[in-house]
Amino acid sequence: MTQPIKTRWSGRFSDAPDLRSLAFTGSIGFDVRFLHEDIRGNVAHVRMLGKQQIIEPEEAAEIERGLWQIWDEADANTLSFTMEDEDVHSGVERRLREIVGPVQAKLHTGRSRNDQVSTDMRLWLKGAVLRISGALLDLTNALTEIAADHVETVMPGFTHTQRAQPVTLGHHLLAYVSMFERDLERFQQTYIRMDRSPLGSAALAGTSYPIDRSAVADDLGFSGITRNSMDAIADRDPMIETLFDIALTGTHISRLCEELVWWSSGEVGYITFGDAFATGSSIMPQKKNPDVAELARGKTGRLYGHLIGMLTVMKGLPLTHNTDMQEDKEGLFDAVDTIVGILQILPPAIRSVTFRTERLAAAAVADFTLATDAADVLAKHGVPFREAHEVIGMLVRRCGDEGRTFDQLSPEEWAAVHPVFAEEIPPLTAAESIALRDIPGGTAPRRVRTALAGTHDRLSDLAAWHAREQTKMGNVMQRDSVGPQLEYPGTGPLSHA
Ligand code: ARG
């Protein structure tokens with residue numbers, strides 16, 4: 001017979017747990033990912049217990065020493081957990097008991113795994129949001145740099161997937177930069193909202209010990225403390241908001257990637273991907289496939305799935321803690337890993353793209369994309385726009401039937417279309433048409449340059465915020481909280497033997 005398993009609630013129970021039940025209810029298989037956050041949260045808590053004389057300062061110091069030893073064991077890959085540890089919180093306490101002995105039992109004073117898991121997840125999520133934001137800044141910078149090279153490169157803009165009016169490639173790319181800028185702001189706002197320490201909420205009602213919540217929050221790099229103990233325990237908004245921010249970023253990425261896929265097809269031929277970021281076919285020797293963009297587009301599906309999954313877990317849950325909420329982790333981890341993976345591959349993949357500017361230029365004026373400009377000339381000379389629309393519509397039909405383009409019409413033919421055209425021939429090149437869109441937010445090169453300057457300033461501000469928080473978190477996730485500035489070790493999977 002094997003030893004019966006002793007659980008942390010064994011005081012009240014006479015039977016040992018069924019192994020199948022332990023395996024089903026445990027979270028150690030995945031929450032080991034925030035081991036560092038758990039240790040750090042323990043350290044902050046026990047330091048405060050010592051300072052407040054809730055336990056002896058010597059006991060607190062001994063417990064802290066043991067906690068840092070576990071940290072080192074994890075880094076040296078010598079720490080191991082088993083299913084009987086149930087979750088990372090219990091696993092850390094079990095190992096701590098092995099290291100420091102019975103004094104370990106004082107660590108859990110004035111605290112519950114409920115406020116502990118809420119704290120650990122927020123700490124982990126702050127690191128994850130910073131990782132995502134950093135990668136998103138890289139992508140946004142890559143797109144902005146490419147846009148700056150193409151302020152005057154003309155291409156067709158589309159509505160209904162039909163050529164509509166000429167735009168510049170720079171303007172088109174800055175449309176995506178606008179989306180990603182909003183995404184960055186959303187991640188920043190989500191970060192600011194989650195940046196509050198739940199510790200002290202205990203199981204749900206707070207605690208009767210004279211703990212110092214603000215000291216713990218400070219030590220962990222939180223900007224403040226949560227306001228209501230019951231909400232702090234029951235709240236999974238930080239995860240849901242992050243999942244939403246990720247899902248919407250995925251939407252934007254899927255639209256960009258769809259365009260890249262389409263632009264690289266032989267039918268369109270606006271771009272070619274660098275060989276290093278394309279893949280071949282096992283049977284068709286001629287194929288060069290835009291797999292990176294396709295996969296980024298496709299992975300958006302699971303990002304949505306994780307958001308809907310989490311919303312559904314939380315729907316209708318009564319206050320406060322319910323074990324359903326343990327389901328907040330795996331989907332979130334996968335969503336974070338997925339979006340970071342996408343955001344890391346896209347900047348180099350997009351930088352490898354060659355734009356075939358001569359094809360873009362030819363397409364910019366194909367299918368009578370200058371028809372609006374011709375109608376505008378009439379309207380500016382007093383012809384009601386509806387009437388002008390009709391005149392140019394008939395001209396488009398006639399030219400289409402005759403297989404001719406606007407720039408092949410003689411001045412006499414223009415004059416015959418409408419007397420106004422005897423005075424002024426409409427724009428016949430994409431560059432002329434684009435230069436006319438000289439309005440804030442428009443595609444005229446002058447305006448695109450202004451937009452680039454504004455983008456640059458805003459991205460610099462976001463990058464400065466990111467660097468500040470990264471440094472703050474890096475300091476928190478170190479032994480002494482005040483060491484040299486290291487990059488936050490972050491969110492990678494932790495191997496456990
Ligand atoms: N393993 C749990 C989780 O992942 C930690 C919270 C446990 N609290 C409890 N009362 N069972 O959410």
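Reference entry: report on the structure contained in this document.

Points about the nonpolar core
Part 1: In terms of nonpolar packing, the biggest core is built from 113 residues, with Leu-143, Ile-253, Trp-263 and Leu-346 touching the most fellow members.
Part 2: Aside from chain neighbours lying at most four places away, what touches Leu-143 is Leu-173, Tyr-176, Val-177, Phe-180, Leu-256 and Ile-350.
Part 3: Membership of the second largest hydrophobic core comes to 17 residues, among which are Ala-371, Ala-375, Val-377 and Leu-395.

A closer look at the pairing of strand S1 (residues 154–159)
Part 1: As judged from the six bridges shared by S1 and strand S2 (residues 162–168), these two strands associate in the antiparallel manner. Considered in S2, the bridge of Phe-158 is made with Arg-163.

Section: the site of the ligand
Part 1: Inspection of the region around the ligand gives Ser-27, Asp-87, His-89, Arg-113, Asn-114, Val-117, His-321, Gln-326 and Lys-329 as its neighbouring residues.
Part 2: Within the side chain of Gln-326, one N or O atom sits 3.0 Å away from a nitrogen atom of the ligand.
Part 3: A total of 340 Å² of accessible area belongs to the ligand in isolation, and the protein chains cover 84% of it.
Part 4: A total of three residues in the shell around the ligand trace back to one element, the largest contributor, which is helix H6 (residues 113–149).
Part 5: Classifying every residue of the shell around the ligand gives one nonpolar, five polar and three charged.

Structural notes on the packing of H6 against helix H19 (residues 445–476)
The geometry of a pair of packed helices is captured by two quantities: the angle between their axes and the separation between those axes.
Part 1: Running from N to C, H6 and H19 cross one another at 155 degrees; their axes reach a closest spacing of 10 Å. By the angle between their axes, H6 is roughly antiparallel relative to H19. Here H6 runs over H19; the crossing is left-handed. Every residue of H19 that contacts H6 at Leu-123, Lys-126, Gly-127, Leu-130, Ser-133, Gly-134, Leu-137, Thr-140, Asn-141, Thr-144, Ala-147 and Ala-148 is listed here: Leu-452, Thr-455, Leu-459, Leu-462, Ala-463, Trp-465, His-466, Glu-469, Gln-470 and Met-473.
Part 2: Considered class by class, the residues forming the contact of H6 with H19 number eleven nonpolar, nine polar and two charged.

Brief notes about the pattern of salt bridges
Part 1: In this structure the tally under the stated criterion is 35 salt bridges.
Part 2: The salt bridge partner of Arg-122 is Asp-235, with a shortest N-O separation of 3.0 Å. You can see Arg-122 sitting in helix H6 and its partner Asp-235 sitting in the loop between helix H9 (229–234) and helix H10 (237–264), a full 113 residues away along the chain. Residues Arg-122 and Asp-235 agree in their burial class; the two are buried.
Part 3: A salt bridge links Arg-398 to Glu-402; the nearest nitrogen and oxygen atoms lie 3.5 Å apart.

What counts, and where the lines are drawn
Sequence order as written defines the numbering, with residues in each chain counted from 1. Restriction of local features to residues with pLDDT of at least 70 applies here, the model being predicted, together with a cutoff of 80 or more for giving and counting side-chain atom pairs; totals for whole chains, interfaces and linings are based on all residues. Note: side-chain values were computed over all heavy atoms of the structure, leaving out hydrogens and water. Nine residue types can take part in a nonpolar core, namely buried Ala, Val, Leu, Ile, Met, Phe, Trp, Tyr and Cys, and a core is a set of them joined through side-chain atoms within 4.5 Å. Burial here depends on accessible area, computed with a 1.4 Å probe over protein chains only, as a share of the maximum for the residue type. Under 20% is buried, over 50% is exposed, and the range in between is partly exposed. Only heavy atoms matter for contacts: two residues are in contact if any of them lie within 4.5 Å across the pair. For two strands to pair, DSSP has to find at least two bridges joining them. Note on conventions: DSSP H or I runs of at least 4 residues are helices, E runs of at least 2 residues are strands, and numbering of each starts at the N terminus. Near is defined per residue: the residue qualifies when any heavy atom it owns lies within 4 Å of the molecule or strand. Pairs of N or O atoms within 3.5 Å make up the polar contacts considered here, provided that, within protein, one atom can donate a hydrogen while the other can accept it, and that residues adjacent in sequence are counted only when both atoms are side-chain atoms. For accessible areas, the Shrake-Rupley method is used with a probe of radius 1.4 Å. Any residue's cover is judged against the shown protein chains and nothing else. Residues are grouped as follows: nonpolar covers Ala, Val, Leu, Ile, Met, Phe, Trp, Tyr, Cys and Pro; charged covers Asp, Glu, Lys and Arg; every other residue, Gly included, is treated as polar. Geometry is summarised by axes, namely lines fitted to C-alpha atoms with helices restricted to the contacting stretch, and by angles between N-to-C directions that run from 0 to 180 degrees. Any angle from 65 to 115 degrees is called roughly perpendicular, while one under 35 is roughly parallel, one over 145 is roughly antiparallel, and all others are oblique. Crossing handedness is read from the near helix: turned anticlockwise from the far helix by less than a right angle, it gives a left-handed crossing, and turned clockwise, a right-handed one. Within this document, salt bridges are pairs made up of a side-chain nitrogen of Lys or Arg and a carboxyl oxygen of Asp or Glu, the two lying within 4 Å of each other.

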